[in-house]
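Take a look at the letters that make up each chain.
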Amino acid sequence: GAERAALEARIRELLKAQDAVLVAHYYVEDALQALAESSGGYVSDSLDMARFGHEHPASTLIVAGVRFMGETAKILNPEKRVLMPELEATCSLDLGCPIDRFAAFCDQHPDRTVVVYANTSAAVKARADWMVTSSCAADIVAHLRDQGQKILWAPDKHLGAYIKEQTGADMLLWDGACIVHEEFKGAELEALRREHPRAKVLAHPESPASVVAQADVVGSTSRMVQAVRDMDADEFIVATDRGIFHKMRQLAPGKRLIEAPTAGKSATCRSCAHCPWMAMNSLTALLHALETGAGEIHVDPVIGARARIPIERMLDFTR
Ligand code: 13P
Ligand code: SF4
């Protein structure tokens, strides 16, 4: 209503006054995605968010997503101010891979090339040879395999297992998972597919193997959005955070989108596929960050400089 319009108008003013651009992930609330797009910002997957922020001339980047996305932006752009609506917005993959345990694991396997997923802390990235996101992980691992390298992979075991199967690379996997995607269940998905035999199945590779095995398309959030837009089908079962439906509906308004079933599905929780940390982002939190400067991301410059190496490798590889 009128209140939301006033909130948005105030945010737009402050974005302009502070030379700031808003970069959002597909999982944050519709209002933030819409505002990013209508204010000269951008909505995408984690790889393209990093690239957009890095190439954009604004002196302040506002990252609506989770902590690792803000940290990656800061590591790539130490001279820019990076703000997040909510600094506490973390990720179960990041939480499940603390630097001390991770460093000890790496020390035990000095013969392996260390490849980490974007969903990690700056300190973990600083210990890595390569960073990847789900949109480029398979290509980068295949490249390392071709060079005869053995890989230590962290932290997502489902994505790791999928890439290992796709590439046949020698990969040692850390035991981490995304609490949102881990809830998708293969047996329930099979039953749902019987009810919707024409539906194409799209799955994010953080989902368990029993789900990924049934998917017509496995890929990053951007890849899934593209699939809904481009595939010659009018029904899709989608195994990822339901925040993504905003963009899918926008690009393919006539198509039917069905949420993949989760174990937690119940009367009170129709779908549990929504990341609690992504959900912390809101227009109100964004306004607060802009008004007070709260939510500024700081990365230790020494750690940041080291963490930049694996991130830039990925950006150069995918250029
Ligand atoms: P994408 O890189 O595919 O956007 O994934 C990020 C993420 O956190 C998925 O849960
Ligand atoms: Fe992390 Fe999963 Fe949330 Fe993505 S959806 S930010 S992987 S907890």
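Note: the structure precedes this text.
Quantities reported herein were computed from a predicted structural model and do not represent experimental measurements.

Observations regarding the sheet that holds strand S10 (residues 217–218)
Consideration 1: Overall, parallel pairing links the four strands, which are arranged S10-S9-S11-S12 in an open sheet. Two strands in the sheet have a free side with no partner beyond their single neighbour: S10 and strand S12 (256–259).
Consideration 2: Pairing of strand S9 (residues 200–203) with S10, which is carried by two bridges, proceeds in the parallel orientation. If you follow Leu 202 over to S10, its bridge partner there is Val 217.

Regarding the sheet that holds strand S4 (residues 81–83)
Consideration 1: Ordered in space as S2-S1-S3-S4, the four strands form an open sheet in which the pairing is parallel. For this open sheet the edge positions go to strand S2 (42–44) and S4, each flanked by a neighbour on one side alone. Taken pair by pair, the neighbouring strands of this sheet meet at an average axis angle of 20°, ignoring direction.
Consideration 2: The sheet contact formed by strand S1 (residues 20–25) and strand S3 (residues 60–64) spans five bridges and is parallel. Its bridge partner lying in S3, Ala 20 is registered against Thr 60.
Consideration 3: Contacts from helix H2 (residues 30–38) reach S1, S2 and S3, with the element oriented near 135° to S1.

Re helix H9 (residues 157–167)
Consideration 1: Buried residues dominate H9, accounting for eight of its 11 residues.
Consideration 2: Within the sequence span of H9, burial applies to Lys 157, His 158, Leu 159, Gly 160, Tyr 162, Ile 163, Lys 164 and Thr 167.
Consideration 3: Packed against the buried residues of H9 are strand S5 (113–117), helix H8 (137–146), strand S7 (151–154), strand S8 (171–173), helix H11 (209–212) and S10.
Consideration 4: Gly 168 sits one or two residues past H9 and shows a positive phi near 70°.

Things to note about the site of ligand 1
Consideration 1: Near ligand 1, the surroundings consist of Asp 45, Ser 46, Leu 47, Asn 119, Thr 133, Ser 134, Cys 178, His 204, Glu 206, Ser 220 and Thr 221.
Consideration 2: Residues that form the shell around ligand 1 fall into these classes: two nonpolar, seven polar and two charged.

Examining the packing of H8 against H9
Consideration 1: Close contact between H8 and H9 brings their axes to 10 Å; oriented N to C, the two are set at 55°. Classified by the interaxial angle, the pair formed by H8 and H9 is oblique. Along this stretch, H8 crosses H9, giving a crossing that reads as right-handed. On H9, the residues that touch Ala 137, Ala 138, Val 141, Ala 142 and Arg 145 of H8 are Leu 159, Ile 163, Gln 166 and Thr 167.
Consideration 2: Residues that form the contact of H8 with H9 fall into these classes: six nonpolar, two polar and one charged.

Analysis parameters
- Residues numbered from 1 in each chain as written.
- Chains lettered and ligands numbered in written order.
- Predicted model: local features only at pLDDT ≥ 70, side-chain atom pairs only at ≥ 80, totals over all residues.
- Pairing = 2+ DSSP bridges.
- Helix = DSSP H or I, 4+ residues; strand = E, 2+ residues; numbered from the N terminus.
- Axes fitted to C-alpha atoms, helices over the stretch in contact; angles between N-to-C directions.
- Contact = placed C-beta atoms within 7 Å.
- Buried ≥ 20, exposed ≤ 12 C-beta atoms within 10 Å, placed from the backbone.
- Near = placed C-beta within 6 Å.
- Nonpolar A, V, L, I, M, F, W, Y, C, P; charged D, E, K, R; others polar.
- Parallel < 35°, antiparallel > 145°, perpendicular 65-115°, else oblique.
- Left-handed = near helix turned anticlockwise from the far one by under 90°.

Honestly, that's just the spatial picture; any functional story needs more than this.
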